[in-house]
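Here are the chains, one letter per residue:
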Amino acid sequence: MDGVSSEPRKMQAFGALESNVRSYSRSFPAIFSRARGSIMLTEGGQKVIDFLSGAGALNYGHNNHQIKAVITEYLDSDAVVHGLDLATPAKLKFMETFSSIILRNRNLQYRFQFTGPTGANAVEAALKLSRKVTGRQNVISFMRGYHGMSLGAMAATGNRFYRAGSGVPLSGATFMPYDGYLGPAVDTADYLRKVLIDESSGIDCPAAILVETVQGEGGINAASKEWLQSIQAIAREVGAVFVVDDIQMGCGRTGDFFSFEFAALSPDIVVLSKSLSGYGLPLSMLLIREELDVWQPGEHTGTFRGNNLALVSATAAINIYWRCRIFSEEVHRMGELMRSRLEAIAAEHGNNFAVRGRGMALGFDCQKPEIAEATTRKAFDKGLIVERCGPVDQVVKFLPALTIDLETLNHGLDLFEESLAETLK
Ligand SMILES: *Cc1c(COP(=O)(O)O)cnc(C)c1O
């Protein structure tokens, strides 16, 4: 038995029963039974620090006790849990709370559309609505972007391995270079403007421009304020719906509730999921500018839209963390601490590594996938879950819970530092 890994015999039972498609259980081969905050417990009773946070679905930590108390009370009262999209007090309270605490303070006004529970469901709805509004088919998305596994979202996703799994031609999206894709000297927004304005560029007029402000799966590539503002301006110029996919970078991950606040954007549609429920419960939604809400009643439907338990936990998360600026300031501060430690670690090993990201979404680019892989495997043996991302999984991705305490954060970073040093030895 290696480090915190479970006995191979036990892991093999999963291999016999669960599809080959399983993935995280291969990178982190242990059986996890309990969790709280930033710590997961294996069945064998070993503690593991979690820097993956459900791929960004657990911004407030595992089993957040303040949120859990609200959910437990809701369950105890026999209030409606599943109600399709029926009107319930839980849904009204969520929309009112979100409007007053999140939207109004940021001078934003949107309608809520609850979609099926996954991020991909919400991306599909955003693209479908953009196409309906504009009568156009093409969507501009960006190289290395990630938007989900369903066919429409996948068509806008760059990764070849995932695309190849589709089994049918993926259509309806044109990929453009993201900020920095062609090096610091090339402004890729200029290129985008040029090809969209040119009547003979071969790029069809887009229904939507779909963008992440920081590409999560694509390698923690952070777009600049100026670039994002240009992309929004281009969308307006060419009559495309400007959609920000804030599924992974929203809900505080970059320090502000929405990842686009630092650039003062006002997207036409915002897509939220992952940490929206605050508790790891599935919940996805679109924020839609009122003029774009051209759906016919029931035109886009789904059984699990706006699950009430998830709406209750989402409301609790907003009430607990977003009523004042303190939490946001703390996330910015912890993000800076993380960044300076990662930069120091990079500097220890010459100039072979790069640190990127925003807030508490940081990437440590090892350039070589073998280094990233060996380091994250060693880190797991020492008791740290940290994942990789980027086109060839060469970037170590740091997504600790936003609520992590400094001691646990530093301990996790120590384990990473040791693992990298051992890998490079
Ligand atoms: C995770 C993710 C999605 C897909 O969400 P699922 O719930 O896995 O379908 C879409 N966009 C971004 C940016 C994501 O990080």
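Computed from a predicted model, the values in this text were never measured in an experiment. (Residues numbered from 1 in each chain as written. Predicted model: local features only at pLDDT ≥ 70, side-chain atom pairs only at ≥ 80, totals over all residues. Heavy atoms only, no water.)

Participant: Before we move on, can you summarise the packing of helix H13 (residues 369-382) against helix H14 (residues 406-424) with the specific residues and values?
Facilitator: H14 packs onto H13 with a crossing angle of 130° between their chain directions and a minimal axis gap of 8 Å. The angle between H13 and H14 places the two elements in the oblique class. With respect to the hand of their crossing, H13 and H14 are arranged in right-handed fashion. Contact residues: H13 offers Ile-371, Ala-374, Thr-375, Lys-378, Ala-379 and Lys-382, while H14 offers Leu-415, Phe-416, Glu-418, Ser-419, Leu-420, Glu-422, Thr-423 and Leu-424. The residue makeup of the contact of H13 with H14, split by class, is seven nonpolar, three polar and four charged. (Axes fitted to C-alpha atoms, helices over the stretch in contact; angles between N-to-C directions. Helix = DSSP H or I, 4+ residues; strand = E, 2+ residues; numbered from the N terminus. Parallel < 35°, antiparallel > 145°, perpendicular 65-115°, else oblique. Left-handed = near helix turned anticlockwise from the far one by under 90°. Contact = heavy atoms within 4.5 Å. Nonpolar A, V, L, I, M, F, W, Y, C, P; charged D, E, K, R; others polar.)

Participant: Summarise helix H5 (residues 89-103); cite the residues concerned and give the values.
Facilitator: With 15 residues, H5 should reach 21 Å at 1.5 Å per residue; the first-to-last C-alpha distance of 20 Å fits that figure. For H5, every residue scored as buried is listed here: Ala-90, Lys-91, Phe-94, Thr-97, Phe-98, Ser-99, Ile-101, Ile-102 and Leu-103. (Expected span 1.5 Å × (residues − 1). Buried < 20%, exposed > 50% of the residue type's maximum accessible area, 1.4 Å probe, protein only.)

Participant: Explain the packing of aromatic side chains to me, and be specific about the residues and the numbers.
Facilitator: Counted under the stated rule, the structure contains 25 aromatic pairs. Where Phe-398 meets Phe-416, the ring centres are 4.9 Å apart and the plane angle is 85°; that geometry is what we call edge-to-face. With Phe-398 in strand S17 (residues 395-398) and Phe-416 in helix H14, the pair connects residues that are 18 residues apart, well separated along the chain. In this pair, the class of Phe-398 matches that of Phe-416, namely buried. (Phe/Tyr/Trp six-rings, centres within 6.5 Å; stacked < 30°, edge-to-face > 60°.)

Participant: Report on the sheet that holds strand S2 (residues 39-42), specifying residues and quantitative values.
Facilitator: On the basis of which strands lie adjacent, the open sheet formed by four strands has the order S1-S2-S3-S15 and mixed pairing. At either margin of the open sheet sits one strand with a lone partner, and together these are strand S1 (32-36) and strand S15 (384-385). As paired strands, S1 and S2 are joined by four bridges and run antiparallel to one another. When the sheet's bridge partners are listed, Arg-36 is paired in S2 with Ile-39. (Pairing = 2+ DSSP bridges.)

Participant: Would you mind going over the nonpolar core in detail, with residue names and values included?
Facilitator: Core analysis: the biggest nonpolar cluster contains 86 residues, and Phe-98, Phe-258, Phe-364 and Phe-398 have the highest contact counts within it. Counting residues per element, this core draws most heavily on helix H11 (residues 308-321), at nine residues. Each residue touching Phe-398, except ones within four places of it in the same chain, is listed here: Phe-51, Met-338, Leu-342, Met-360, Ala-361, Leu-362, Phe-364, Val-386, Leu-413 and Phe-416. Ranked by size, the runner-up nonpolar core spans 20 residues in total, among them Ala-122, Leu-129, Ile-269 and Ile-288. (Core = buried A, V, L, I, M, F, W, Y, C linked by side-chain atoms within 4.5 Å.)

Participant: Report on the domain arrangement of the chain, specifying residues and quantitative values.
Facilitator: Here the chain is described as being made up of domain 1 (2-63 + 325-424) and domain 2 (66-321). Across the contact, 31 residues belong to domain 1 and 31 residues belong to domain 2. Both faces considered, domain 1 and domain 2 share a buried interface measuring about 2,500 Å² in area, 51% of it formed by carbon and sulfur atoms. Together, Tyr-60, Asn-63 and Arg-358 form the three largest contributors to the area buried by domain 1 at its contact with domain 2, with a combined 30%. Scanning the region where domain 1 abuts domain 2 turns up one salt bridge. (Domains from an automatic or database assignment. Buried area = accessible area lost by both parts, 1.4 Å probe. Salt bridge = Lys/Arg side-chain N within 4 Å of Asp/Glu carboxyl O.)

Participant: So what about the sheet that holds S17? Which residues, and what values?
Facilitator: On the basis of which strands lie adjacent, the open sheet formed by four strands has the order S13-S14-S17-S16 and antiparallel pairing. Two strands lie at the open edges of the sheet, namely strand S13 (354-358) and strand S16 (387-389), each paired on one side alone. With direction set aside, neighbouring strand axes in the sheet form an average angle of 30°. Pairing of S16 with S17, which is carried by three bridges, proceeds in the antiparallel orientation. Note that in S17 the partner of Cys-389 across the bridge is Val-395.

Participant: Give a description of the side chain of Ser-130 that names residues and reports values.
Facilitator: Turning to its location among the elements, Ser-130 is positioned in helix H6 (residues 119-134). For Ser-130, a relative accessible area of 0% gives the class buried. Not counting residues within four places of it along the chain, the set of residues in contact with Ser-130 comprises Ala-207, Ala-208, Val-241, Val-243 and Ile-269.

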